[in-house]
Structures are given as C-alpha cells and as structure tokens.
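Structural features, examined
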Number of protein chains: 2
Amino acid sequence: MLPEVPMPARGVTVWFTGLPGSGKSTLARRLAARLTARGVRHEVLDGDAVRTSLSRDLGFSRQDRDSNVARIGFVCGLLTRNDIVAVAAAVAPYARARDALKREIRDFLEIHVATPAEACEALDPTGRWAAARRGELPSFTGVDDPYEEPLAPDLRLDLSVIDLEEAVRKVEALLEDRGYLPHDPG
Amino acid sequence: MLPEVPMPARGVTVWFTGLPGSGKSTLARRLAARLTARGVRHEVLDGDAVRTSLSRDLGFSRQDRDSNVARIGFVCGLLTRNDIVAVAAAVAPYARARDALKREIRDFLEIHVATPAEACEALDPTGRWAAARRGELPSFTGVDDPYEEPLAPDLRLDLSVIDLEEAVRKVEALLEDRGYLPHDPG
C-alpha cells in the first residue's frame, strides 16, 4: 500500500506466527490500517492469500509449508531492505524455518499469536478446525500437524486474554521501542 | 539495494525479455549500477538467480516457466507500487504471460533484448547453447522450446548491433521520457 505522503520508516518484517484461527490475519490487517493512518509504507503478506499467487502450487506437507514460508520470507526481505514494513501472517509452524528467516532478514520481529488451541477451535469462524476434526482437512496444524511454539518471540499475544486493539497497540509500541517507527505523538 | 540517500522515483517494472545469452542479465546489472549511481531504489530479479530461492522447485516445462514469470511478476508488482524500480531479467518466452503482467502491474516496460539467436549462440559464454545442441539441456528456449517475440515492446535492443553502454543509456532515456526518473543532469 502506498500512502499519499510516505513517512520515513526503517524497514522491518513483522511476522505473526501461530495456530490457524489464532488471529494472525486479523492482527495483520488491523496493523496495516494503523500503518496506513500513520503514513507508513507497508505490505501485508498473508499465508493463505499468497496460496493463490506466489504459492499456488503448494500443499501442506512439511516441505511445502517450508517452501511457502521461505517464499514469503524472500519477499519480506526485499521489502524490508527497501524500508517498507512487511507484515506477514502465516502459521510458519517450524522453528527452523522461522529461525532461518530471522538470520537472513535480521530486521525481523517474531510475534507469537499465542491464542490457545481450545480458544481458536471454540471460535473457528471459518469452520476449518471442525473440518479438520472430521478428517476433511488433513495435515491441519494443531490437529494432526505440529506447531513448534517460539521459545523467545519478540512479543506474545493471546487474543483470548487481550482484545485486538490492545494487541495492535503493543505491536506499535514494539516497533517504536525498536526504532522502526517514530513514537506516535497521538 | 538501498542507496544512502534514496531519490524519489516512480515505481516501475523494467522487464528484459529475450533468448538465453541475449544479454538480459548483463543489461540488468549494468542498469542497476546506473540506478545506484543515481540514488534510485531498485531491486534486480534475475530469472536464473531466483531459481535458487523463489522458484527453487521449478523446471522448464511451459507451466513451470509461466509460474516462474508469475512469481517474479508478483514480486515486481509489490516493489513497483512501493516506488521501487524492479528490474527483471527473465526469458519470459510466452506472450500471454508477459501480457498478464503488463495488465496487472501497469507501470511496466517491456524491453526486448533482440540479439539474434545466431549471435547468442556464437558468443555463448556459459556454454548453454552448446549443451542444448548436444541434447543435454532439454526445453532450451531457442533450440527446442519456442520464444514468442514481443510485437510492440517499449524498447528493442540488439546487442549484436549496439554496445552495452549505449543500450543502458537508451533504457535510462526511456525511463526519463516516461516520467519514471527525472532527467539526468549529468
């Protein structure tokens, strides 16, 4: 997204990782709206959305999941080094794949959307958890595929405990504290 | 590449299309050096280079070639709408795939590197044409795979007729004429 008057920001990748239904895409969209309001150049890379473009060919095997994360990461890296805030929302279940991105991109904030599985499954607005329980979605992270929790994320957000607006404020504060955004005068 | 003092430029995708060995990558690198010297933000997406990252899984079938072009195009589109000059060097042999990118990205310059096949094959610094003639590189564009020439490219450059520096000057002039770069005072 190209704001009318782009504000200088330091490029960074903000990666929301977590279980399906934990709130990653919602957080990414809300953060994007805030960045638009603050005049900060950014792009959202949504793990599900890119499966119709960048990763059309990929399934949900471990190898395909790693490829999807690597491709999104490649794009985030290009954007980041051009001072654009890249906001990724993708399960990225494997610690090794996430760690590879951190090493490569460096300006990389790992945000664990730590909404517990029970809360994700109870809400389940898209019905994916229910479908996975019925065996209609094989290799579903949290049901029959593993999620390796980040051990030391830059931020951990549990949307069953805090609300969306508070969560986004915490992300903005993190970006400010790390020098990626100027402190919000508002 | 992030220059020290980034100069405002309008985002655009400059796509060098042409036969293997026609000079696409060389042109892209030389243009990138000029953009660096002029302080213009840019990225080079090289069709061969991305086969180790973005397109690691792809071969050279028509479908895989189209996927490679589409993925590079996806990235070029993101960069372009963020005012970064995306320089792509990729055979992109099929007119339909190129036309799809033009429609999608809009700020898109198609540059046909029209060095004739005989000249590409005579030079052949990487030995790929010779390998293809020996049957060691199947689906090689220009030998046993088609190249659909652009009918109305924004620029046509035949490096068997003009030298590299003149070719790059023509690309810079095109970018200036179309309003993507300020006229070079130099």
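The present account deals with the structure reproduced in this document. Note that the structure is a prediction, hence the values are computed from the model and not measured. (Residues numbered from 1 in each chain as written. Chains lettered and ligands numbered in written order. Predicted model: local features only at pLDDT ≥ 70, side-chain atom pairs only at ≥ 80, totals over all residues.)

Considerations on the sheet that holds strand β5 (residues 155-157) of chain B
Residue and element names in this part refer to chain B. Spatially, the 5 strands line up as an open sheet ordered β2-β3-β1-β4-β5, and their pairing is parallel. If you trace the sheet from one side to the other, it starts and ends with β2 (42-46) and β5, each paired once. Averaged over all adjacent pairs, the angle separating strand axes in this sheet is 20°, with direction ignored. Each of β1 (12-18) and β4 (108-113) is contacted by helix α3 (residues 95-105), which is oriented at about 150° to β4, the strand it contacts most. (Pairing = 2+ DSSP bridges. Helix = DSSP H or I, 4+ residues; strand = E, 2+ residues; numbered from the N terminus. Axes fitted to C-alpha atoms, helices over the stretch in contact; angles between N-to-C directions. Contact = placed C-beta atoms within 7 Å.)

Here we look at the relation of the copies chain A and chain B
Turning chain A through 180° and shifting it by 0.0 Å along the axis lays it on chain B, with an RMSD of 0.0 Å. Look at the turn and shift together and you get a two-fold axis relating the two. (Least-squares fit on C-alpha atoms with pLDDT ≥ 70 in both.)

What to know about unusual backbone geometry
Of note, the phi angle at Ser139(A) is positive, near 60°, even though the residue is not glycine. Turning to its location among the elements, Ser139(A) is positioned in the loop between α5 (128-133) and β5 (155-157). A positive phi angle, close to 45°, is found at Ala92(B), a residue other than glycine. Position of Ala92(B) relative to the elements: it lies in the loop between β3 (85-89) and α3.

Comments concerning the interface of chain A and chain B
Listed by partner, the interface residues are 16 residues for chain A and 16 residues for chain B. Of the residues assigned to the side of chain A that touches chain B, the class counts are 7 nonpolar, 3 polar and 6 charged. (Nonpolar A, V, L, I, M, F, W, Y, C, P; charged D, E, K, R; others polar.)

Some words on the pairing of β4(B)
All names here are of chain B. Most of β4 is tucked away: 6 of the 6 residues are buried. Residues Phe108, Glu110 and His112 line one face of β4 and the alternating positions Leu109, Ile111 and Val113 line the opposite face, and both faces are buried. Pairing of β4 with β5, which is carried by 3 bridges, proceeds in the parallel orientation. For Val113, the partnering residue across the bridge sits in β5 and is Leu157. (Buried ≥ 20, exposed ≤ 12 C-beta atoms within 10 Å, placed from the backbone.)

Some thoughts on the nonpolar core
Of all hydrophobic cores here, the largest spans 86 residues; its most connected members are Val14(A), Val75(A), Val85(A), Ala88(A), Val14(B), Val85(B) and Ala88(B). Tallying contributions element by element places helix α2 (residues 62-80) of chain A first for this core, with 7 residues. If we skip the residues at most four places from it in the chain, Ala88(A) touches Thr13(A), Trp15(A), Phe16(A), Leu45(A), Ile72(A) and Cys76(A). (Core = buried A, V, L, I, M, F, W, Y, C linked by C-beta atoms within 7 Å.)

Digging into the sheet that holds strand β2 (residues 42-46) of chain A
Each strand in a sheet pairs with another by means of backbone hydrogen bonds, the pair being arranged parallel or else antiparallel. Residues and elements named next belong to chain A. Strand order in this open sheet of 5 strands is β2-β3-β1-β4-β5, and the pairing throughout is parallel. In the strand order of this sheet, the two ends are held by β2 and β5, each with one partner. The average angle at which neighbouring strand axes cross in this sheet is 20°, direction not considered. Pairing between strand β1 (residues 12-18) and strand β3 (residues 85-89): 5 bridges, direction parallel. Bridge pairing in β3 places Trp15 opposite Ala88. Contacts from helix α3 (residues 95-105) reach β1 and β4 (108-113), with the element oriented near 150° to β4.

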